[in-house]
Every structure is written in C-alpha cells, then in structure tokens.
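# Breakdown of the fold
One-letter residues, chain by chain:
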Amino acid sequence: MAIEDLTGEEACELVALYDADKIYGKRKVLQNLTLAVVAGQCTALVGKNGSGKSTLLRMLAGLTRPTSGRRWVRSEKLVTGYVPERFPPFSFTPAEFLLSAAEVRGIDKAAAEKEMNGFLEQLGMDRFVHVRMTQFSKGMLQKINLIQAMMGGPELLLLDEPLSGLDVKAQEDLLRVLVSLKRDGTAIVMSVHESTLIEQIADRVLLMKNGQVVQETRGDRLAAPAVTRIVLRGLDPAAVREISAHSGVANYEIRMDVCEMEAWSDSTDLIIREILDSGGSIVSVIPQEGMGIHLREWLQPSELLTEGDLYKCLP
Ligand SMILES: Nc1ncnc2c1ncn2[C@@H]1O[C@H](COP(=O)(O)OP(=O)(O)OP(=O)(O)O)[C@@H](O)[C@H]1O
C-alpha cells in the first residue's frame, strides 16, 4: 500500500517505518523494520543490550535516517518528545534548562513555566528548581530528562529506558504522568526492562533481536496466566455450555460438531475429565505458551505498583 493512500484507521498513525534498515559500517543494526505508531497507543520495546532498541527510537524520532527503506511522518510539525538513554549533568538549573528548551520549541513562556512547575511537583522535584544540575543524582537528572520531553504536549513520546535511575516512588509518580498523557492521546514508545511498567501501560510489546522485531504481543498478555486449548467433539451445545460455566474455562467456541475451549492451565485436567464424563471425546490438547512466557526471559521484575491498581491512584 502506498503510504500516501493511508485512510481511516491508518489516519491515526503518527509515524511509521517501512522496510527500514540501518547499517553502521558493515553491521546491520536494524533490519526490515515495518511498524506504525498510533495516537494514544503505548508500545514497549524489549530485548537484550545491542538489539537495536535505541536506534529504533532515534529513527522514529527522525534523529537518524534509515539506510534503506522509509520513515513516514504524518506531519513534519509532529510534536515529539525524546528521552535519550543518557542525560548529562549540565551546569544549569532545571528552570534555566527547561525554560530555554521550551523557548527553542516555541512554547509560550508563561505556559512553559506553568507546565514545568506542574511536572516538577508531580515528580517531587519542585524544591530543586533553582539548584544546579551538576549536584543532581542520576535519578534527579532522569526526572529532568523526562520533563524536557513531556513539556509542550507531545503527540509522540519516545523514551529510552525511562525508569533508569528512578527509585520506586519516582517510578510510580512517572507512571501516573505517563498514563495521564496516554489517556490524552499521546503515543508512547519506550525501551524498557521492567515487566511491571509494561503490564501497567503497554498496549503492545515488541521483542527485538539482532535489529529485528521477532515477536509481538499485547501488553496485558504478559501478566495473563497460561491457557490450554482443548478441541473436543461429540457434545451437544447444552453440554458444552454446562462445562463452560466452570470457572476454569476462559472461553469457548462451537463450530459444527467441534468445540474449541481455552482452559486456564491449572484447570486442564479437571475440564478434560468433565468432557469425557459427559460423553465427549478429545481431539487435541495444546498448551498455549503465550508470548508473555518468552518475553519474561528478557525482563526484570520490578517492585513498581505490585499491589496497587494504578488507575485508583490517579486524580
Ligand atoms: N552511531 C553508531 N555507530 C556505530 N554503531 C552503532 C551506533 N549506534 C548504535 N550502534 C550499534 O548498533 C547496535 C544496536 O545498538 P542500540 O543502542 O540501538 O541497541 P539497544 O538495544 O538500545 O542496546 P542498549 O540497551 O545497550 O542501549 C549496537 O551493536 C551498537 O553498538
């Protein structure tokens, strides 16, 4: 499809890559990447160090061009916030740095000051507004790094390891801010190692390996318990419905004389027994590993909001 022909749902796309490669010297660090970023959607990039996450974020930001393939952007005026992996301890105060960054981006001074103070307060940094950043810890610098990207109402927010250096309280504060931006329609793409951040905010998770997206899953599937797909025959719909009323059945679909059921893995034996006892026969039983299980190898658990429901914390 020609990019110029995007209509309907695709019109929500803010930026997209088509068959994009990035080559440094002889090394292909991104290969055949095709992906679109949609307003209000949060995408998490997961993968080992060197798998290409930062390069992909820079390419989406327009900071590096594809060696081949294309980057499409809805408008050259797309308001984009970018949080680089490293943020140096500039010898400015947050007020000096953030307000001049806002001025460069054409944000009105009074509005910038109001927005800056709001973010500083939300991230517990308001006391340090006039302190030189050379005295800041890694976590404090990261908060300023995040604020510079979030100011000016970005339509697209690109975050390279946003939780880096933040303590648990700061992670929770940031998560609240990100959820609220996402609710207002900001698209977020972030490289991330913490599973809880993904579970709380990501709509989709892309697993990267050697510069390619090798797996894609929904963010909420990461936390979902494993299921078993059971295909059965020989039961009438009433008998299927009766078994499906069991809490161990996640969902089912009847097609002609065959029924496909998804059972929570820990109920598989019980459900199969009920099917056989009711006179049905089993065609196949396939455990659904789900991508979450593969993805978890690449993620660290985090203490972030392990018990709370994030949405309950929101104002
Ligand atoms: N400007 C550059 N010149 C040469 N090689 C580069 C450049 N930028 C990145 N690379 C290489 O591209 C590969 C992918 O790097 P990238 O930083 O995108 O990976 P990453 O998944 O973000 O890793 P990390 O989590 O360590 O940041 C690495 O091998 C890196 O050394």
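Here the residue index of a chain counts from 1 through its sequence in written order. Selection of residues for local features in this predicted model requires a pLDDT of at least 70, selection of side-chain atom pairs for listing and counting requires 80 or more, and totals for whole chains, interfaces and linings are taken over all residues. Here the side-chain values reflect all heavy atoms present in the structure, with hydrogen atoms and water set aside.

Looking at where Ser267 falls in the secondary structure, it is placed in the loop between strand 12 (258–264) and helix 8 (268–277). Whether a residue is buried, partly exposed or exposed follows from its accessible area with a 1.4 Å probe, protein chains only, as a fraction of its type maximum: under 20%, in between, or over 50%, in that order. Using a relative accessible area of 13% as the deciding quantity, one classes Ser267 as buried. Each helix is a run of DSSP H or I of at least 4 residues and each strand a run of E of at least 2, with the numbering of both proceeding from the N terminus.

With that settled, consider the sheet that holds strand 9 (residues 212–218). Strand order in this open sheet of six strands is 5-6-7-3-8-9, and the pairing throughout is mixed. Each edge of the open sheet carries a strand with a single partner, namely strand 5 (80–83) and strand 9. Going from strand to strand, the sheet's axes swing by 15 degrees on average, the running direction of each strand aside. The pairing of strand 6 (residues 156–160) with strand 7 (residues 187–191) spans five bridges and is classified as parallel. In the sheet register, Leu159 faces strand 7, and the bridge partner there is Met190. Every residue pair with non-hydrogen atoms within 4.5 Å of one another is taken to be in contact. Geometry is summarised by axes, namely lines fitted to C-alpha atoms with helices restricted to the contacting stretch, and by angles between N-to-C directions that run from 0 to 180 degrees. Docked against the sheet, helix 1 (residues 53–61) engages strand 3 (42–47), strand 5, strand 6, strand 7 and strand 8 (204–209), running at close to 155 degrees with respect to strand 6. Helix 4 (residues 138–150) rests against strand 5 and strand 6 of the sheet, and its axis sits at about 165 degrees to strand 5. Should DSSP find at least two bridges between two strands, the strands are regarded as paired.

Pairing of aromatic rings covers Phe, Tyr and Trp, the last counted by its six-membered ring, and requires centre-to-centre distances within 6.5 Å; plane angles under 30 degrees mean stacked, over 60 mean edge-to-face, and any other angle means tilted. As enumerated under the stated definition, the model contains five aromatic pairs in all. Aromatic side chains Phe90 and Phe92 sit 6.2 Å apart centroid to centroid with 45 degrees between the ring planes, which places their arrangement in the tilted category. The exposure class of Phe92 is partly exposed, given its relative accessible area of 40%. Summarising the aromatic geometry, the rings of Phe90 and Phe97 are spaced 5.2 Å apart at their centres and angled 20 degrees between planes, so their arrangement reads as stacked. Put simply, the rings of Phe87, Phe90, Phe92 and Phe97 pair up and form one aromatic cluster.

Attention shifts here to the environment of Asp236. Within the secondary structure layout, Asp236 lies in the loop between strand 10 (227–233) and helix 7 (237–244). A relative accessible area of 47% means that Asp236 is categorised as partly exposed. Here the alpha-carbon distance between Asp236 and Gly280, two residues 44 residues apart in the chain, equals 8.9 Å.

This brings us to the side chain of Lys22. Among the structural elements, Lys22 can be located in strand 1 (residues 13–24). Within the local environment of Lys22, its side chain forms a polar contact with the backbone oxygen of Arg65, the two atoms lying 2.7 Å apart. Aside from chain neighbours lying at most four places away, what touches Lys22 is Arg27, Lys28, Val29, Leu30, Thr55, Met59, Thr64, Arg65 and Thr67. Here a polar contact means two N or O atoms within 3.5 Å. Within protein one must be a hydrogen donor candidate and the other an acceptor candidate, and residues neighboring in sequence count only if both atoms are side-chain atoms.

Quick look at unusual backbone geometry now. Notably, Asn210 is not glycine yet its phi reads approximately 45 degrees, a positive angle. Mapped onto the secondary structure, Asn210 falls in the loop between strand 8 and strand 9. Phi at Met256 takes a positive value of approximately 55 degrees, unusual for a residue other than glycine. With respect to the element layout, Met256 can be found in the loop between strand 11 (249–255) and strand 12.

Turning our attention to the sheet that holds strand 10. As a general point, the strands of a sheet are linked pairwise by backbone hydrogen bonds and lie either parallel or antiparallel. Strand order across the open sheet formed by four strands is 11-12-10-13, with antiparallel pairing between neighbours. Each edge of the open sheet carries a strand with a single partner, namely strand 11 and strand 13 (281–288). Here the strands of the sheet are splayed against their neighbours by 15 degrees on average, with no regard to which way each runs. In this sheet, strand 13 lies alongside strand 10 in antiparallel orientation, the contact comprising seven bridges. Across the sheet, Thr228 pairs through a bridge with Pro287, a residue of strand 13. Docked against the sheet, helix 7 engages strand 11 and strand 12, running at close to 170 degrees with respect to strand 11. Most of the contacts of helix 8 go to strand 13, to which it runs at about 165 degrees, and overall it touches strand 10, strand 11, strand 12 and strand 13.

Regular strands have side chains that alternate between both faces of the sheet. The buried fraction of strand 8 is high, at five of six residues. Across five bridges, the pairing between strand 3 and strand 8 is parallel. Residue pairing in the sheet places Ala44 in a bridge with Val205 of strand 8. Connecting strand 8 to the antiparallel partner strand 9 that follows it, the hairpin turn spans two residues, and Asn210 within it adopts a positive phi of roughly 45 degrees.

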